[in-house]
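Overview (structure and organization)
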Amino acid sequence: MRMGVHREVRETAEAIDTMEIRGAAAIADAAARALRAQARASDADSPEAFRGELRAAARTLFETRPTAVSLPNALRYVLHGIEGATVAALRESVEATVAEFCVRLDHAQADLGEVGANRLRDGDVVMTHCHSTDALACIEVAVDQGKELAAIVKETRPRNQGHITAEELSELGVPVTLIVDSAARHYLNDVDHVLVGADSIAADGSVINKIGTSGLAVNARDRGTPVMVAAQTLKLHPATLTGHTVDIETRDVSEVVDRETRTAIGDPDVANPAFDVTPPRYVDAIVTERGQYPPESVVTLMRELFGEGTTRPWEG
Ligand code: RUB
């Protein structure tokens with residue numbers, strides 16, 4: 001009997017699903033490494049069988065969370081990047097391709113950080129939403145350049161990823177004020193930049209990020225506070241070039257309210273969308289490792305990097 005999906009792939013998929021591994025960049029990195037685990041463990045006796053196993057592993061990973069396009073982009077990078085006429089050659093190619101992908105991911109974040117840091121001036125106050133390693137890379141570089149920054153950090157209900165952001169900013173020596181999400185507008189007059197990450201960027205420049213990003217951006221525009229989105233090109237969603245929309249994940253309602261409380265308050269319907277869409281007119285700049293872009297021109301970069309590709313990672 002042939003090997004099915006490897007245990008490490010199933011464990012990674014489970015960890016992404018339960019958000020033990022979370023954030024678009026971390027998900028991409030973990031998915032690529034899981035494909036490598038599948039390749040290492042494979043006992044396939046033909047190149048076709050080997051590729052079939054990798055495709056099955058990719059499907060398992062793909063089916064975890066629908067919104068962060070970095071996941072299918074990572075799977076596509078590996079599945080379409082490997083070559084070899086034998087199982088051994090293919091296995092080696094997976095090793096090399098995954099290593100190359102992980103290095104590119106790190107470099108992209110570091111390069112993006114340099115670009116984003118140029119937008120931040122000494123003494124600036126930044127408001128964050130959720131936890132984004134791309135956004136934090138910009139702050140880290142600015143701090144390394146000797147700029148003194150302060151941060152107002154939204155807690156980001158229901159999962160409180162703002163706590164992770166607060167902790168990491170404190171480690172960088174950035175003074176943090178943690179606020180409840182609904183206090184954001186109250187503080188926007190004191191803020192020089194809203195800085196967020198992205199799970200996906202659509203061809204029209206819309207930014208798909210943690211629920212609450214769009215309301216924050218609209219309020220920031222009302223207050224005249226610039227909104228900067230830090231997103232490496234891995235977040236560009238190629239299927240949106242041909243009219244596809246980005247699926248918005250809805251998560252379990254128990255993240256919003258526990259069963260006991262829900263019953264006690266009259267058992268209302270509860271909804272828990274995890275992401276929302278910020279239209280391009282509310283975004284001032286998308287900062288990538290290739291430089292900063294006004295959202296409306298990100299489509300040029302998307303065409304250059306992805307062509308018109310709309311296939312799912314294991315197809316085409
Ligand atoms: C995470 C989130 C982050 C983006 C970007 O949501 O919305 O802003 O994924 O993160 P969740 P990064 O916690 O539901 O995964 O810049 O690290 O890729």
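Residues numbered from 1 in each chain as written. Predicted model: local features only at pLDDT ≥ 70, side-chain atom pairs only at ≥ 80, totals over all residues. Heavy atoms only, no water.

So, about the domain arrangement of the chain. Entries for the chain in the domain assignment read domain 1 (7–109) and domain 2 (118–306). Computed from C-alpha coordinates alone, the two centres of domain 1 and domain 2 are separated by 26 Å. Listed per partner, the contact involves 20 residues of domain 1 and 28 residues of domain 2. Summed over both partners, the interface of domain 1 with domain 2 buries about 1800 Å², with 55% contributed by carbon and sulfur atoms. It is R22, T67 and Q109 in domain 1 that bury the most area against domain 2; as a group they hold 32% of the surface buried on that side. (Domains from an automatic or database assignment. Contact = heavy atoms within 4.5 Å. Buried area = accessible area lost by both parts, 1.4 Å probe.)

This next bit is on the pairing of strand β7 (residues 227–230). Taking every second residue as pointing to the same face, both faces of β7 are buried, with V227 and V229 on one and M228 and A230 on the other. Bridge count between strand β4 (residues 193–196) and β7: three bridges; the pairing is parallel. Bridging from a neighbouring strand, V196 pairs with V229 of β7. (Buried < 20%, exposed > 50% of the residue type's maximum accessible area, 1.4 Å probe, protein only. Helix = DSSP H or I, 4+ residues; strand = E, 2+ residues; numbered from the N terminus. Pairing = 2+ DSSP bridges.)

A word on the sheet that holds strand β1 (residues 125–128). Pairing in this open sheet of seven strands is mixed, and the strands run β3-β2-β1-β4-β7-β9-β10 from one edge to the other. At either margin of the open sheet sits one strand with a lone partner, and together these are β3 (176–179) and β10 (291–293). On average, each strand axis in the sheet is inclined to that of its neighbour by 25 degrees, with strand direction left out of account. In terms of strand pairing, strand β9 (residues 285–288) meets β10 through three bridges, oriented antiparallel. (Axes fitted to C-alpha atoms, helices over the stretch in contact; angles between N-to-C directions.)

Before going further, it helps to examine the packing of helix α2 (residues 24–41) against helix α3 (residues 47–62). The angle between the axes and the distance between the axes are what describe a pair of packed helices. Close contact between α2 and α3 brings their axes to 10 Å; oriented N to C, the two are set at 145 degrees. Remark: the crossing between α2 and α3 carries right-handed chirality. On the side of α2, the interface is formed by A31, A34, L35, Q38 and A39, while α3 contributes F50, E53, L54, A57, A58 and L61. For the contact of α2 with α3, the class distribution of residues is nine nonpolar, one polar and one charged. (Left-handed = near helix turned anticlockwise from the far one by under 90°. Nonpolar A, V, L, I, M, F, W, Y, C, P; charged D, E, K, R; others polar.)

Bringing the site of the ligand into the picture now. Among the 18 residues in the neighbourhood of the ligand, the closest are listed as R22, S132, T133, N209 and K210. Take A25: an N or O atom from its main chain is 2.8 Å from an oxygen atom of the ligand. Within the side chain of T133, a nitrogen or oxygen atom sits 2.6 Å from an oxygen atom of the ligand. Classifying every residue of the shell around the ligand by side-chain character gives six nonpolar, six polar and six charged. Looking at the shell around the ligand, you find at least three residues from each of domain 1 (7–109) and domain 2 (118–306). (Near = heavy atom within 4 Å. Polar contact = N/O pair within 3.5 Å; in protein donor to acceptor, adjacent residues only side chain to side chain.)

A few words on α3. Each α-helix winds once per 3.6 residues, and so residues spaced three or four apart point in a common direction. The end-to-end C-alpha separation of α3 is 22 Å, in line with the 22 Å expected for 16 residues at 1.5 Å each. Burial in α3 covers these residues: F50, E53, L54, A57, A58 and L61. End-on, the buried residues of α3 take up no more than an arc of 135 degrees, which puts them together on one face. As for α3, its buried residues are in contact with α1 (7–17), α2, α4 (70–81) and α5 (87–119). (Expected span 1.5 Å × (residues − 1). Arc of directions from axis to C-beta.)

Another aspect to go through is the pairing of β1. Covered by surrounding structure in β1 are V125 and M127 together with V126 and T128, the residues of both alternating faces. Summarising the sheet, β1 and strand β2 (residues 150–154) pair through four bridges and their orientation is parallel. By the bridge assignment, M127 is partnered in β2 with I152. Each parallel crossover has a hand, and for β1 linked through helix α6 (residues 133–144) to β2 it is right-handed. One ladder, built from three bridges, connects β1 with β4; its direction is parallel. Residue pairing in the sheet places M127 in a bridge with V194 of β4. (Right-handed = clockwise from strand over helix to strand, strands pointing away.)

Looking at the secondary structure, you find D134 in helix α6. Taking relative accessible area as the criterion, D134 reaches 0% and is therefore assigned buried. Here the side chain of D134 touches Q232 through a polar contact of 2.9 Å, side chain to side chain. Among residues more than four places away in sequence, those in contact with D134 are Q109, L112, A230, A231, Q232 and K235.

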